[in-house]
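# Close look at the chain arrangement
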Amino acid sequence: MEYNPQKIEGKWQRIWEKEKLFKAKDIFKKPKFYCLDMFPYPSAEGIHVGHLKGYTFSDVISKKKTMEGFNVLHPMGFDAFGLPAENFAIKTGVPPAKLTSRSIKNIKQQLISAGFGYDWQREICTCNPDYYKWTQWMFLQLYNAGLAYKKEAPVNFCPSCKTVLAREQVIDGKCERCDSLVEKKYLNQWFFKITDYAERLLNDLNKIDWPEKVKLMQKNWIGKSEGTEIYFKIYRGSTPVNLPVFTTRMDTLFGCTYVVIAPEHPIVSNLLDAKRTPRRVASQISNLKEIEKYIEEAKKKTEIERVAEDKEKTGIEIRGIKAINPVNNQEVPIFVADYVLMEYGTGAIMAVPAHDQRDFIFAKKRGLEMIEVIKPKTGRHPPATQSPFPEKAFQEDGILINSGPFSEKTSEEARKEITKYLEKRGQAKKATYYKLRDWLISRQRYWGAPIPIIYCSKCGKVPVPEKDLPVVLPKIKDFKPTGKGESPLAKVEKFVKTKCPKCKSKAKRETDTLDTFVCSSWYFLRYTDPKNLKIFASEKKIKDWLPVDLYIGGAEHAVMHLLYSRFFTKFLFDQKLIHFDEPFLKLFNQGIVYRQGAKMSKSKGNVVRPDYIIRKFGADTMRLYELFMGPANQATEWSDKGVIGCFRFLNKVWSIQERIGNQESKVKSQQLEKLIHKTIKKVSQDLENFRFNTAVSALMILANELEKQAKISLIHYSLFLMLLSPMAPHITEEIWRKLGNPEGIPSGSYGAGKKSIFLEKWPKYNPELIKEEKIQLIIQINGKVRDKIEVEPEITEEKAKELTLKRERVKRWIEKKEIKKIIFVPGKLINIVI
RNA sequence: GCCGAGGUGGCGAAAUUUGGUAAACGCUAUGGUUUCAGGAACCAUUGGGAGAAAUCCCUUGUGGGUUCAAAUCCCACCUUCGGCACCA
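Quick caveat, the model's predicted, so the values are computed rather than measured.

About the cut-offs
- Residues numbered from 1 in each chain as written.
- Chains lettered and ligands numbered in written order.
- Predicted model: local features only at pLDDT ≥ 70, side-chain atom pairs only at ≥ 80, totals over all residues.
- Heavy atoms only, no water.
- Helix = DSSP H or I, 4+ residues; strand = E, 2+ residues; numbered from the N terminus.
- Buried < 20%, exposed > 50% of the residue type's maximum accessible area, 1.4 Å probe, protein only.
- Contact = heavy atoms within 4.5 Å.
- Lys, Arg positive; Asp, Glu negative; His and termini not counted.
- Charge placed at Lys NZ, Arg CZ, Asp CG, Glu CD.
- Core = buried A, V, L, I, M, F, W, Y, C linked by side-chain atoms within 4.5 Å.
- Axes fitted to C-alpha atoms, helices over the stretch in contact; angles between N-to-C directions.
- Parallel < 35°, antiparallel > 145°, perpendicular 65-115°, else oblique.
- Left-handed = near helix turned anticlockwise from the far one by under 90°.
- Nonpolar A, V, L, I, M, F, W, Y, C, P; charged D, E, K, R; others polar.
- Salt bridge = Lys/Arg side-chain N within 4 Å of Asp/Glu carboxyl O.
- Pairing = 2+ DSSP bridges.
- Polar contact = N/O pair within 3.5 Å; in protein donor to acceptor, adjacent residues only side chain to side chain.
- UniProt positions renumbered as here; feature names shortened; annotations may be inferred.
- Patch = residues over 30% accessible without salt bridge, like charges linked within 9 Å, V, L, I, M, F, W, Y side chains within 5 Å.
- Areas by Shrake-Rupley, 256 points an atom, 1.4 Å probe, with all protein chains shown as cover.
- Phe/Tyr/Trp six-rings, centres within 6.5 Å; stacked < 30°, edge-to-face > 60°.
- Lys NZ or Arg CZ within 6 Å of the ring centre and 35° of its normal.
- Disulfide = S-S within 2.5 Å.
- Arc of directions from axis to C-beta.

### Quick notes on the overall build of chain A
From N to C terminus, chain A includes 28 helices and 34 strands. With the C-alpha coordinates of chain A rotated into their principal frame, the extents come out at 110 × 90 × 45 Å. Per-residue burial for chain A yields a buried fraction of 54% across its 834 residues. Expressed as a percentage of contacts within chain A between residues at least 6 apart in sequence, the contacts between residues at least 24 apart total 73%. Across chain A, the 143 positively charged side chains and the 101 negatively charged ones have centroids separated by 3 Å.

### Description of the nonpolar core
One recurring pattern in soluble globular proteins is that nonpolar side chains are buried together. Core analysis: the largest hydrophobic core is formed by 174 residues, its most contacted members being Phe-139, Trp-439 and Phe-720. When sequence neighbours within four positions are dropped, the list of residues in contact with Trp-439 reads Ala-166, Trp-190, Phe-191, Phe-192, Ile-194, Asp-515, Phe-517, Val-518, Ser-521, Tyr-564, Phe-567 and Phe-568. In terms of nonpolar packing, the next biggest core, distinct from the first, is built from 54 residues, Cys-256, Val-268, Leu-272 and Ile-316 among them.

### As for the packing of helix α24 (residues 692–708) against helix α25 (residues 714–724)
As a packed pair, α24 and α25 sit with axes 11 Å apart at the nearest point and diverge in direction by 155°. In terms of their interaxial angle, α24 and α25 are classed as roughly antiparallel. As for how α24 packs across α25, the hand of that crossing is left-handed. Along the contact surface, α24 presents Leu-699, Leu-702, Ala-703 and Leu-706, while α25 presents Phe-720, Leu-723 and Leu-724. Among the residues making up the contact of α24 with α25, the classes are represented as 7 nonpolar, no polar and no charged.

### Looking at the pattern of salt bridges
Counted by the stated rule, this structure contains 48 salt bridges. When the shortest N-O distance is used, the salt bridge between Arg-443 and Asp-515 registers 3.1 Å. With Arg-443 in strand β20 (residues 442–443) and Asp-515 in the loop between β25 (513–514) and α16 (516–519), this residue pair connects regions lying 72 residues apart in the sequence. Here the two residues Arg-443 and Asp-515 agree in accessibility, since each one is buried. Via salt bridges that share partners, Asp-204, Lys-207, Arg-566, Lys-570, Asp-581 and Glu-582 belong to a single interconnected network.

### Quick notes on the environment of Glu-312
Here Glu-312 shows up in the loop between α11 (303–308) and β13 (316–325). The spacing of Glu-312 and Lys-150 is 162 residues in sequence and 35 Å in space, taken between C-alpha atoms.

### Concerning the sheet that holds strand β34 (residues 829–833)
Taken together, the 4 strands give an open sheet; going across it, the order is β32-β31-β34-β33, and neighbouring strands pair in mixed fashion. Each end of this open sheet is capped by a strand with a single partner; those strands are β32 (784–791) and β33 (821–825). For this sheet the average axis-to-axis angle between neighbouring strands, irrespective of direction, equals 20°. Note: strand β31 (residues 775–781) against β34, 4 bridges, orientation parallel. The residue of β34 that forms the bridge with Ile-778 is Leu-829. Most of the contacts of helix α27 (residues 797–806) go to β34, to which it runs at about 60°, and overall it touches β31, β32, β33 and β34.

### Some details on unusual backbone geometry
The omega torsion of the bond from Leu-469 to Pro-470 falls at -5°, within 30 degrees of zero and hence cis. Of note, the bond from Leu-546 into Pro-547 is cis; its omega dihedral lies within 30 degrees of zero at 0°. Note on placement: Pro-547 falls in the loop between α18 (539–545) and β26 (548–553). Unusually for a residue other than glycine, Glu-408 sits at a positive phi of about 80°. Structurally, Glu-408 can be placed in the loop between β17 (398–400) and α14 (411–424). Classification of Glu-408 by relative accessible area gives exposed; the value is 55%.

### Some remarks on the sheet that holds strand β2 (residues 71–73)
Within a beta sheet, neighbouring strands are joined by backbone hydrogen bonds and run either parallel or antiparallel to one another. An order of β2-β1-β26-β27 is seen for the 4 strands of this open sheet, with the pairing classed as parallel. Two strands close off the open sheet at either side, each with one partner strand: β2 and β27 (584–589). If you compare each strand with its neighbour and ignore which way they point, the axes differ by 20° on average. The pairing of strand β1 (residues 32–37) with β2 spans 3 bridges and is parallel.

### Focus on the environment of Lys-541
Inspection of the secondary structure puts Lys-541 in helix α18. The sequence separation of Lys-541 and Leu-525 amounts to 16 residues, and the corresponding C-alpha distance is 9.2 Å. Contact partners of Lys-541, with chain neighbours within four places excluded, come to Asp-26, Thr-528, Asp-529 and Leu-546.

### What to know about the side chain of Arg-566
By the secondary structure assignment, Arg-566 is in helix α19 (residues 561–574). In this structure Arg-566 comes out as buried when scored by relative accessible area, which is 0%. Side-chain polar atoms of Arg-566 contact the backbone oxygen of Leu-201, separated by 2.8 Å. Every residue in contact with Arg-566, bar those within four places of it in the chain, is listed here: Arg-200, Leu-201, Asp-204, Leu-205, Ile-208, Trp-210, Gln-218, Glu-582 and Pro-583.

### Let's talk about the UniProt feature "binding site: ATP" (unreviewed entry) in chain A
With numbering aligned to this structure, UniProt lists the feature "binding site: ATP" (unreviewed entry) at Lys-602. Considering the arrangement of structural elements, one finds Lys-602 in the loop between β29 (598–599) and α20 (610–617). Those residues within four positions of Lys-602 in sequence are excluded, and the remaining contacts are Glu-45 and Val-607.

### Digging into a positive patch on the surface
The grouping of Lys-416, Lys-420, Lys-424, Arg-425 and Lys-430 at the surface amounts to a positive patch. No other element matches α14, which puts 3 residues into the positive patch. The exposure class of Lys-424 is exposed, given its relative accessible area of 71%.

### Some words on the packing of aromatic side chains
Evaluation of the coordinates by the stated rule reveals 53 aromatic pairs. Each ring, one from Trp-439 and one from Tyr-564, has its centre 3.6 Å from the other, and the planes form 0°; the classification is stacked. Of this pair, Trp-439 sits in strand β19 (residues 439–440) while Tyr-564 sits in helix α19, placing them 125 residues apart in sequence. With respect to burial, Trp-439 and Tyr-564 carry one shared label: buried. Ring centres of Tyr-523 and Phe-524 lie 6.2 Å apart, and the angle between their planes is 80°; on these two criteria the pair is classed as edge-to-face. Each member of the pair, Tyr-523 as well as Phe-524, carries the same accessibility label: buried. Ring pairing ties together the aromatic residues Phe-139, Tyr-143, Trp-190, Phe-192, Tyr-197, Trp-439, Phe-517, Tyr-564, Phe-567 and Phe-568, which thus form one cluster. Residue placement shows Lys-63 over the ring face of Phe-22; its charged tip is 4.6 Å from the ring centre. Taking the ring centre of Phe-362 as reference, the NZ or CZ of Arg-366 above it sits at 3.9 Å.

### Brief notes about the pairing of β31
A large share of β31 lies buried, amounting to 5 of its 7 residues. In this structure, β31 lies alongside β32, joined through 7 bridges in antiparallel fashion. Looking at the pairing, Ile-781 lines up with Lys-784 of β32. The loop that links β31 with its antiparallel partner β32 comprises 2 residues; one of these, Asn-782, has a positive phi angle of about 50°.

### Section: the state of the cysteines
Two cysteines form a disulfide when their sulfur atoms are joined by a covalent bond. Throughout the structure, instances matching the rule amount to 0 disulfides. Cys-127 carries a free sulfur, and the closest cysteine sulfur to it, the one in Cys-125, is 3.5 Å from it.

### Things to note about helix α3 (residues 83–92)
An α-helical segment advances 3.6 residues per turn. Residues three or four places apart therefore align on the same side. Every buried residue of α3 is accounted for by Leu-83, Ala-85, Glu-86 and Ala-89. Looking straight down α3, one finds that the buried residues subtend no more than 165° of arc, so they occupy a single side. Contacts made by the buried residues of α3 are with α4 (96–113). One or two positions beyond α3, positive phi appears at Gly-93, with a value near 85°.

Right under this line is the structure:
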């Protein structure tokens, strides 16, 4: 009988569902294991073999953990709000809800036909009101805690998507979704105060078992830097204004030859404002008009323009007033330049052109003064005032020069001492800044969870009372954006018009929706109790199942979803709503699957669909190939040909069953047993360490060996099937249950039977059985392999030497030469140095 | 520019954790077997070179170094990929 996956796979998928084999039970006699996949966006095209890679990993691990006696939670759902469905609606008029539910049906079928053991009773969908009710509830918790706020700010606006974006969604100044150049706009928008959690988000990275790469990306994104704020005085008449600047390089303070203020800095408008500035001073500024013009232009520039002019730094001096360097009372000119950012630090810097590349370029162009204040500890360097920019040695620690009483100190000492000196005089204080910005969460789009806020002319912003949740997204017909930077919801009068929950007078609803990342920031909580109507998840279920033990997904979410989820978790922990403050204990990033040298994408037309592979070779073959392709965390190229190897392997597995019998010869049986136990060890360890490719290879080696036998005992074959079962569940289940026939085959601990293979215990290897009686001792001469001998593993050095020197081949190599040294590595090799 | 991860046959890769037989396993290719035929079946060979053969020499991006011994450790460089990017 031939191996025919099409005949068996659908059958077992139905039976597993009927037997509820992979359903997570809320009974905790066994230790729990929560294995989570990043849930997919239900795109109309379905998922491709790249998505399936990570899902295969999590399914293999879940099945193995089940066999190891864990109570496994392995759920799946859909991240269903978002732009593609809405853009499709604008084009075709098909409502996003309709398209989404169609896509979900399709993807769910794809996942089921791959044999994944998800607990579909727990399926969630973020666009379902039962779900987004709690997303809105989360928003309200944050709002009530003062962590959700609305403010006018310069934001990134995508002209094609007609909505603002979070900073994380802007890549190289372009929209991550459609690649349009992002515009800067001043808009009134909602933010989450994630910056309040910057320090904890940074520190707690130490607590979690995540790829170092992802941790580092988060660390850099949070971008903590510790330094000092220094107060430069600017005199307007007799009253000085303090201008704080931020620096991490106090040791270069004597090298400051000018200061730069960001164009948006309030101090600039104050200085220019004739009403506030004494007439005498205002008249001191001789180039008011030019400065105003520069500021206007800078404000209009997009982020990309500001940076893309690359090194070509623009700016303008405020003529007529000076700033005073507190450390030496030196008067320095003041510039307004957009290479200084208002959003970071104090929005003003002290410029040290001799030791900072950016300041150097700016100063060089204008012929500004440069003062060298640091020399390298050793060696000579061209003067910092001449080289295009300071060499590394200057930027790192050096020795101070031209720095008054601090000359001859090291950078490190000087940093401390200068800070102390100014601190005492109240002219500086230590400060810490982060690159992390608050999370912009409002979107001027339809297909998202409405922000549950009501605007009342009397009461102002009023949160929607909990009992009125969810604020249901109304069904609409016209999906086109209003063109006024508003969500299409603004056109829906029925939705907008409401009553103030407080004073009952006429009021309007917020029409912006929430960023989809808000929906996905807490979804892992909902799986534990997906149908709860009273709370996002009951306390008990949260305690029983969470945190997530293993999270598998792509690295592209490193600074978005993964950071946001951590923020939500910490917030809910602070609210005493959950008992843990890190959501995902272990994270694994599967590598990207390439084809024709590029990441699979619809636009490149290089997508491989699993449906085709499954139809042709079956789900087991596809799963095996996903595992076998290469290292799990590494990008690998998809090969249609390579799939065949896995199909051949399964055919072999299938045909071996014909050899079952109890008459293995004794010697053979012992050798086989040794190999089987070695394989149990290898596969168990490899699966534990995400080395799926070598686990598959070990099973291939074992299958090749089994194939050579005339007869194979049932127990040996059964062990093999069990090891293979998490990876190729259908074929192993089929053979396993079939073998439970009434022909008198004993059903021992490893006996096959009529119940599922996944109810069996994961096999354990016997350490006694994998001990070698004989090993190959490598004989090297001058480090090159020249001979091998079979010996006992415990062979002594003397004995090994004796045997080695007797060998003809060895004698030939040594011949009259003097043996200088013999190195013996027990159980491994002997090296003769001549 | 800064940070990070890589570079091993014709291809995907093993061996890097612990320095100790480089190329396991699979694909491809070549030759053969079976079959009415086909190949997504089976068998053999498959890093390069020399040789009739035994066997020998060379080979892990490049160049140095440490060591009895280096794909593995150290230094410098080249290169591919990923992230950040005027963050003071």
